[in-house]
Amino acid sequence: MNYQIACIPGDGIGPEIVREARKTLDAVAARFGHTFTYTELLLGGAAIDRVGVPLPDETVSGAKSADAVLMGSIGGNTSTSPWYQLPPQLRPEAGLLGIRKALGLFANLRPAFLYKELAGACPLKDNLIEGGFDILIMRELTGGLYFGERNTVTENGIRKATDTLVYDENEIRRIAIKGFEIARKRRKKVTSVDKANVLDSSRLWRAVVNEVAKDYLDIELDHMLVDNAAMQLVRDPKQFDVVLTENMFGDILSDEASMITGSIGMLPSASLNETAFGLYEPSHGSAPDIAGMNKANPIATILSASMLLRYSLNLQTEADALDQAVEKVLQDGYRTGDIFSEGCQKVGTDEMGTLIAERI
Ligand code: NAD
């Protein structure tokens, strides 16, 4: 089959890691008889430098006409880069928020997977992580506290700030459906996280998730309060499969979950809309401190490409082959600097990409 993939190399290490991810996708194409046609699009600082705005119209139309988007990372050094002297709506991050909105991406998926070869980097005790863990945090991305009305006023000389947390049932239903659908392709368990003992928005969340669950009787569902979920993630991470939650809770829990895997350079992410379309990018930023030095770990971007195969192109066997190639390279002892440990062989960004491509 022929698939159109839009590529956004972006800033910092972005172009280096996207190049390696494309190398591995080409190896998948060669082995399984597909053709991937790539279109390169500008976003963030790279777009500001070339055309003066962080999100050119051609980037939105180019992304919309592709089957999926593979992105590196956006942004520069926020203290020294001239991009951050610009007004907020012209800075790199405005491009990132803009494209997510333009593409209607409401479901953010962040896996936290522990490779046994990297277990030494996990800060949890050995007995808690024996056998590894494989969690998928699914965060609602377009509603809740970050998008509700807010203001700061001064009343009788006292400053007062207000943020509002709003969800309607349709916003909750569409992400719950995604969560159950994805759980069906995994270990068939959903943990819905809320604060239903206090918040009205959480009580509605829980009620709608229960309604949706009636269509997914093959999936085990439990509900957990967010404070308990934060504790359980470090007490017994193996109990989780899909963690379904609203925007702010997901923001915090996904960072906690990534921390217990021990390496930011290994963590992919996906943002999906109502169709199979999605934008795939590593969870880390543009790492300007190591840009252009062939030091960046490309694995988070390569695993993002694997999620692209799995969720947007529905190529499960191909995605499995890419995941297994990553695992094999780790078993064979190759490491970039960020995950290096004694006795392993240190390699650069391009060599890591080549070694993974060779194992597909
Ligand atoms: P960062 O994730 O870019 O870097 C944090 C640390 O991790 C750095 O020491 C970096 O060298 C290291 N690191 C990150 N990715 C790595 C990789 N693949 N291999 C090896 N080491 C890696 O976070 P930051 O420094 O806070 O942010 C830098 C820029 O990235 C900022 O402009 C920020 O706004 C932007 N950012 C973008 C995204 C995105 O594109 N979605 C996400 C987060 C941050």
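A quick note: this is a predicted structure, and the numbers were derived from the prediction, not measured.

Enquirer: I tried to follow the pairing of strand E5 (residues 134-140) on my own but got confused; where do I start?
Expert: Strand residues, when the strand is regular, have side chains that alternate between the two faces of the sheet. Of all seven residues that make up E5, six are buried, and the element is covered over most of its length. Pairing between strand E4 (residues 107-113) and E5: seven bridges, direction antiparallel. Bridge pairing links Ala107 to Glu140 in E5.

Enquirer: Whenever I open this one, the packing of helix H11 (residues 316-331) against helix H12 (residues 349-358) confuses me. Can you help?
Expert: What describes two packed helices is the angle between their axes and the distance between those same axes. Between H11 and H12, whose axes approach to 8 Å, the crossing angle comes to 120 degrees. Between H11 and H12, the interaxial angle falls into the category oblique. Between H11 and H12 the crossing geometry is right-handed. Contacts between H11 and H12 involve Leu322, Ala325, Val326 and Val329 on the former and, on the latter, Met352, Leu355 and Ile356. Tallied by class, the residues present in the contact of H11 with H12 amount to seven nonpolar, no polar and no charged.

Enquirer: Explain the pairing of strand E12 (residues 278-282) here, please?
Expert: Burial analysis of E12 places five of its five residues in the buried class, the great majority of the element. Because side chains alternate across E12, one face comprises the buried residues Gly278, Tyr280 and Pro282, and the other comprises Leu279 and Glu281, equally buried. The pairing of strand E3 (residues 68-73) with E12 spans two bridges and is parallel. Looking at E12, one finds that Leu70 is bridged to Tyr280. Taken together, the five bridges between strand E11 (residues 268-272) and E12 define a ladder with antiparallel strand orientation. Bridge pairing links Leu272 to Gly278 in E12. Hairpin connection between E11 and E12: a loop of five residues separates the two successive antiparallel strands.

About the thresholds
- Residues numbered from 1 in each chain as written.
- Predicted model: local features only at pLDDT ≥ 70, side-chain atom pairs only at ≥ 80, totals over all residues.
- Heavy atoms only, no water.
- Buried < 20%, exposed > 50% of the residue type's maximum accessible area, 1.4 Å probe, protein only.
- Helix = DSSP H or I, 4+ residues; strand = E, 2+ residues; numbered from the N terminus.
- Pairing = 2+ DSSP bridges.
- Axes fitted to C-alpha atoms, helices over the stretch in contact; angles between N-to-C directions.
- Parallel < 35°, antiparallel > 145°, perpendicular 65-115°, else oblique.
- Left-handed = near helix turned anticlockwise from the far one by under 90°.
- Contact = heavy atoms within 4.5 Å.
- Nonpolar A, V, L, I, M, F, W, Y, C, P; charged D, E, K, R; others polar.

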